Amino acid sequence: MVHNVQIEQIIPQVSRLRSIASQVIASLSSNFLLLDIGMAVNFTTIALPVLLNAPDGLSLNDIQASWFGSLLFLTQPFGAVLSGPIVDYFGRRLANFLVNLPHLIAWILMYFAWNIPTLFIATALLGIGTGIMEAPITAYVGEISEPSVRGALCTFTQLFLSLGTFIMFFIGAVVDWRHAALISIAVPLSAMALVIFVPETPVWLLSRGREKEALNSLCKIRGWTTPDNVRKEFDQIVEHNKKLQNCVICYKLYNLDTQTCEHFTMNPIRRSLYKFRHVIITKETLRPLIFIIIYFLFYIMSGVTPLKPNLVNICGAFGMAQDGKEIIIYFGIISIIASIFIIVTIRKVGKRKMAMISMLGTAISSTALSVYARNNLSDSVFSYDTTTFPKEQSYVPLILFYLMAFFSGTNLPWILVGEVFPFRSRATAQGIAAACFYVFTFIGTKTLLDLETYGRLWGIFAVYAAFGFLGTILLYFFLPETEGIILEDIEAFFNGDKIQTFANDPVINTLKRLKRRNNPK
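In this report, we go over the structure that sits alongside the text. Keep in mind it's a predicted model, so treat the numbers as computed, not measured.

### Considerations on the environment of Ala 355
Its location among the elements puts Ala 355 in helix 20 (residues 351–376). Sequence separation between Ala 355 and Leu 412 is 57 residues; the distance between their C-alpha atoms is 5.9 Å. Apart from residues no more than four positions distant in its own chain, Ala 355 is found in contact with Tyr 295, Asn 411, Leu 412, Leu 475 and Leu 479.

Spelled out as structure tokens, the structure:
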């Protein structure tokens, strides 16, 4: 007994604050990628009002402006396709370094853009770079964090995305769009520098047979502690990794626990096809993937995302009682406040309730804006023509817009992306989900001009409100509570296994009641 007491004194426990701090610091390089993404996807918001029908220099007409505002989202899926393989091959850490290169080139091109084709090429590169960044961010943060702090760490990623939005809007109010592009180069350079100070994820290192390095990595991200303090968690990760190392084809088809078989000598293309069929096309991957894709669709088409490229002019078309450039700065501040609100409340409220409240709040705000536009704006008002803007100004649409921005900022689809997919398919599934997000965003931003042409401003927000209410219903029936749940249990849940952790989940209980109602026997 005395001997055991002495051991406990020799191996002091790491404080909770130190453990959390190490995880926050480790996630900084990924968060700077999000800072860059936030700046990239909002760059057109500050550039388009200046370029639209400009009297001199580079000038865009309505159609060109529509393409300029949406092109980034069209090219993003091409980057997302590369994102998963890059993360799996190079590892989460090195991938966080390499994915900055497209944005470095894009920002330089944007600064020197001498004609419209160059402007569009730079925008397309921003989209490709954004797509490549998605999987490294979500994979890294999801794999280094403990279940109890994963929700908060994932919301930190949303905070940095909001910070990127605010920084770009602030820079756009101070300097012209070319110098805003030049200043933006500092962010990918900083992200590349931060990678030097972060470890690789233990899960990926174990998947490559580097057990000693994996243990050292876990010690660093749990408070720079000793192996004895993380031994229990490490053993659990090792055990889970052993299952992942089995041949996917043998394990899925024949339930054989084997790590060496004839499938390892297959033609790489044929093996990849087999792996896609038996890893991606499985219920533990397809179920969360389909849910996330549908969630993305309703999130995008219910919020402010499609409005962003033309946001300044839309504010003017509503006759909001503030200058458009001031409004987007406040929009960025509200996005930051929303992200902090999530960090503070998510553990107590849970992701399920938070997601439903956010979607419903967005829907109600869109409905109110639609009603206001229908009753107070002339049919001649057109956001792509500043000469049609109303002379009278009002605080009513301004307040409604700020409410919409807040609720939209508290939505959680990107947080869920980091935790609902199994390790075998995580990077690929995250890349597919990110690609779908930007395809939907492209559709939303590209069709904004047509939707306003035929439905006016009130029609746009009526459509967004409908998506918001339908999205709330979707979340009520199909989103389980994942806050505080370990990744293995989330994977098992989507695989259909009975996990005690989800015994009191309202989604599960609702589905059980519906099943009993339809099958009374």
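### Points about the packing of helix 7 (residues 101–112) against helix 8 (residues 116–144)
Contact geometry of helix 7 with helix 8 gives a least axis separation of 8 Å together with a crossing angle of 160°. It follows from the interaxial angle that helix 7 and helix 8 lie roughly antiparallel. The way helix 7 lies across helix 8 gives a crossing that is left-handed. Seen from helix 7, the contacting residues are Pro 102, His 103, Ile 105, Ala 106, Trp 107, Leu 109 and Met 110; seen from helix 8, they are Thr 118, Leu 119, Ile 121, Ala 122, Thr 123, Leu 125, Leu 126, Gly 129, Thr 130, Ile 132 and Met 133.

### Here we look at the nonpolar core
Within the largest apolar cluster, 118 residues are counted, with the highest numbers of intra-cluster contacts made by Phe 43, Trp 177, Ile 292, Tyr 295 and Phe 318. When residues of this core are assigned to their parent elements, the largest contribution, nine residues, is made by helix 17 (residues 283–300). In this view, Phe 318 contacts Leu 369, Tyr 372, Ala 373, Leu 377, Pro 390, Pro 397, Leu 457 and Phe 461; residues no more than four positions away in its chain are not counted.

### Quick notes on the pattern of salt bridges
Scanning the entire structure with this criterion turns up three salt bridges. Between Glu 213 and Arg 210 there is a salt bridge, with its nearest N and O atoms 2.9 Å apart. Look at Glu 213 and you get partly exposed, because its relative accessible area is 40%.

### Comments concerning helix 13 (residues 211–221)
Of the residues making up helix 13, those classed as buried are Ala 214, Leu 215, Ser 217, Leu 218, Cys 219 and Ile 221. A positive backbone phi angle near 105° is found at Gly 223, which sits one or two residues after helix 13.

### Structural notes on the environment of Leu 194
Mapped onto the elements of the fold, Leu 194 is located in helix 11 (residues 186–194). As for Leu 194 and Ser 29, which are separated by 165 residues in sequence, their C-alpha atoms are 5.2 Å apart.

### So, unusual backbone geometry
Although it is not a glycine, Trp 224 adopts a positive phi angle of roughly 50°. Position of Trp 224 among the secondary structure elements: in the loop between helix 13 and helix 14 (227–245).

### A few points about the packing of aromatic side chains
Using the criterion set out here, one finds 25 aromatic pairs in the structure. With 5.8 Å between their ring centres and 55° between their planes, Phe 298 and Phe 467 make a pair best called tilted. Highlighted residues: Phe 298 in helix 17 and Phe 467 in helix 24 (residues 448–478), separated in sequence by 169 residues. Classification of Phe 298 as buried rests on a relative accessible area of 14%. Given a relative accessible area of 24%, Phe 467 falls into the partly exposed group. These aromatic residues form a ring-pair network of at least three members: Phe 73, Phe 296, Tyr 299, Phe 437 and Tyr 438. Taking NZ or CZ as reference, Arg 352 lies 5.3 Å from the ring centre of Tyr 476, over its face. Over the aromatic face of Trp 458 sits the side chain of Arg 374, whose NZ or CZ is 4.6 Å from the ring centroid.

What counts, and where the lines are drawn
- Residues numbered from 1 in each chain as written.
- Predicted model: local features only at pLDDT ≥ 70, side-chain atom pairs only at ≥ 80, totals over all residues.
- Heavy atoms only, no water.
- Helix = DSSP H or I, 4+ residues; strand = E, 2+ residues; numbered from the N terminus.
- Contact = heavy atoms within 4.5 Å.
- Axes fitted to C-alpha atoms, helices over the stretch in contact; angles between N-to-C directions.
- Parallel < 35°, antiparallel > 145°, perpendicular 65-115°, else oblique.
- Left-handed = near helix turned anticlockwise from the far one by under 90°.
- Core = buried A, V, L, I, M, F, W, Y, C linked by side-chain atoms within 4.5 Å.
- Buried < 20%, exposed > 50% of the residue type's maximum accessible area, 1.4 Å probe, protein only.
- Salt bridge = Lys/Arg side-chain N within 4 Å of Asp/Glu carboxyl O.
- Phe/Tyr/Trp six-rings, centres within 6.5 Å; stacked < 30°, edge-to-face > 60°.
- Lys NZ or Arg CZ within 6 Å of the ring centre and 35° of its normal.

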